[in-house]
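# Topology and contacts: notes
Here are the chains, one letter per residue:
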Amino acid sequence: MSTVETVNGPIDAAEMGVTLIHEHLRFRDEAVAENWPGRYDEQAELDAAVEEIRSAQGHGVKTIVDPTAMFGGRDVRFLKKCADETGINVVACTGIYTYDYLPHYFENRDEDAIAAHFVDDIEKGTQGTDIKSAFIKCAADAAGVTEHVEKVHRACARASVQTGAPIMAHSMPAVQTGPRQVEIFLEEGVAPEKIQIAHCGDSPDVEYVQGILDKGVYVGLDRYGLPMFLPTDQRNAVTAELLRRGHAERVVISQDYCASIDWFPPEVQDVLRGNTDMIDGWSFTLVFEQVVPWLREQGVMDDDTFNTVFVENPARWLGR
Ligand SMILES: [Zn+2]
């Protein structure tokens, strides 16, 4: 029996049920929020998260995995409030979400010292609470795998090897960061089945995703609803082909939805959400409303496959 840490303590991995593997209950810059708290409405943020969670629960979702790390406004107390109000399981992470920038604090410490921070979150508790982080997050984006990004990846890898906690790495298929990210983790001795390369679903190129799958890792087809990176029909084509090729056991499907996000002023967010070339149906429920039904119609997702992708894969990746 393997267990998974949630914001309300450990559960049997087999109890996770239908799981959304990559959704954000809130995404914001913690430095801005700390310095100008009056610019944020915590109750409105909580209400937005709870409303989305309840919609997901309407589709049978029992667990939400929230990969909001440092620089995304990680706040396990907020996640616990969401869990307590709705009864859903929420799984929290440690790690650093940076495309290159590192504070001097981490710039002047080595990989092992950084890893020790992650290990503390996993083994002792996170942000001064007894909530244990269940996985480790890092990122590579348009700048590629820079020196700083590589350092963070190696720190994540060492914390993973030490604790058995899995890694989720944000990637950018447009500049093909995935293969190098996998290579670093494997060099550090991380088990392939503990690695998840997020955002592979932004690629229209099934062979690119296949190349990453060939290393034995999980691929995230996890930004449904964001045509600004790739429209739903093109995502679906890749997802269907991967299932047809028999990769159900290494595929996870999600939306990377942010119940609230501070990246844009509200009026710009409204414009983006009103433009279906940018954002289309983005929510905690799009995959159940549009994607799964379409995959079923294509004959590539029966009940067993649904169970593999949405129940067994998250439990296998997270359980330890
Ligand atoms: Zn994300």
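Let me begin by describing the structure that accompanies this report.

The rules behind these values
- Residues numbered from 1 in each chain as written.
- Predicted model: local features only at pLDDT ≥ 70, side-chain atom pairs only at ≥ 80, totals over all residues.
- Heavy atoms only, no water.
- Helix = DSSP H or I, 4+ residues; strand = E, 2+ residues; numbered from the N terminus.
- Rg over C-alpha atoms; globule rule 2.2 N^0.38 Å.
- Buried < 20%, exposed > 50% of the residue type's maximum accessible area, 1.4 Å probe, protein only.
- Contact = heavy atoms within 4.5 Å.
- Lys, Arg positive; Asp, Glu negative; His and termini not counted.
- Charge placed at Lys NZ, Arg CZ, Asp CG, Glu CD.
- 1 Å grid on protein atoms, 1.4 Å probe; cavity = no way out; pocket = protein on both sides within 12 Å on 5 of 7 lines; lining within 4 Å.
- Points joined across faces, edges and corners; volume = space filled by probe spheres on them.
- Donors = N, O, S within 2.8 Å, 3.2 Å for Na, K, Ca; no water.
- Patch = residues over 30% accessible without salt bridge, like charges linked within 9 Å, V, L, I, M, F, W, Y side chains within 5 Å.
- Areas by Shrake-Rupley, 256 points an atom, 1.4 Å probe, with all protein chains shown as cover.
- Salt bridge = Lys/Arg side-chain N within 4 Å of Asp/Glu carboxyl O.

### What about the overall build of the protein chain?
Looking only at helices and strands, the protein chain has twelve helices and eleven strands in total. Against the compact-globule benchmark of 20 Å for 320 residues, the protein chain has a radius of gyration of 18 Å, which places it among compact chains. The principal-axis extent of the C-alpha atoms belonging to the protein chain is close to 50 × 45 × 40 Å. In the protein chain, buried positions account for 57% of the 320 residues. Long-range contacts, defined as pairs at least 24 residues apart, comprise 79% of the intrachain contacts of the protein chain with a sequence gap of at least 6. Each charge class in the protein chain was averaged separately, 28 positive and 53 negative side chains, and the resulting centres sit 4 Å apart.

### With respect to the layout of surface pockets
By volume, the largest pocket amounts to about 490 Å³. Lining the largest pocket are 28 residues, with Arg223, Leu226, Met228, Phe229 and Trp263 sitting closest to its centre. Of the residues forming the lining of the largest pocket, the biggest block, three residues, is contributed by helix 10 (residues 266-273). Here the second largest pocket is characterised by a volume of approximately 410 Å³.

### Regarding the coordination of the zinc ion
Coordination sphere of the zinc ion, protein contribution only: His22 (NE2), His24 (NE2) and Asp256 (OD), at 2.1 Å. Summarised as a motif, the one-chain spacing of the donors to the zinc ion is H-x1-H-x231-D. Linking histidine 22 in the loop between strand 3 (18-20) and helix 1 (30-35) with aspartate 256 in the loop between strand 11 (251-253) and helix 10, this pair joins segments that are 234 residues apart in sequence. Relative accessible area serves as the criterion here: at 1%, histidine 22 is assigned to the buried category. Aspartate 256 sits in the buried class, given a relative accessible area of 8%.

### Comments concerning a nonpolar patch on the surface
A contiguous nonpolar patch, built from Trp263, Phe264 and Val268 and spanning about 280 Å² of accessible area, is present on the exposed surface. Within the element layout of this structure, valine 268 appears in helix 10. According to the relative accessible area criterion, valine 268 is partly exposed, its value standing at 30%.

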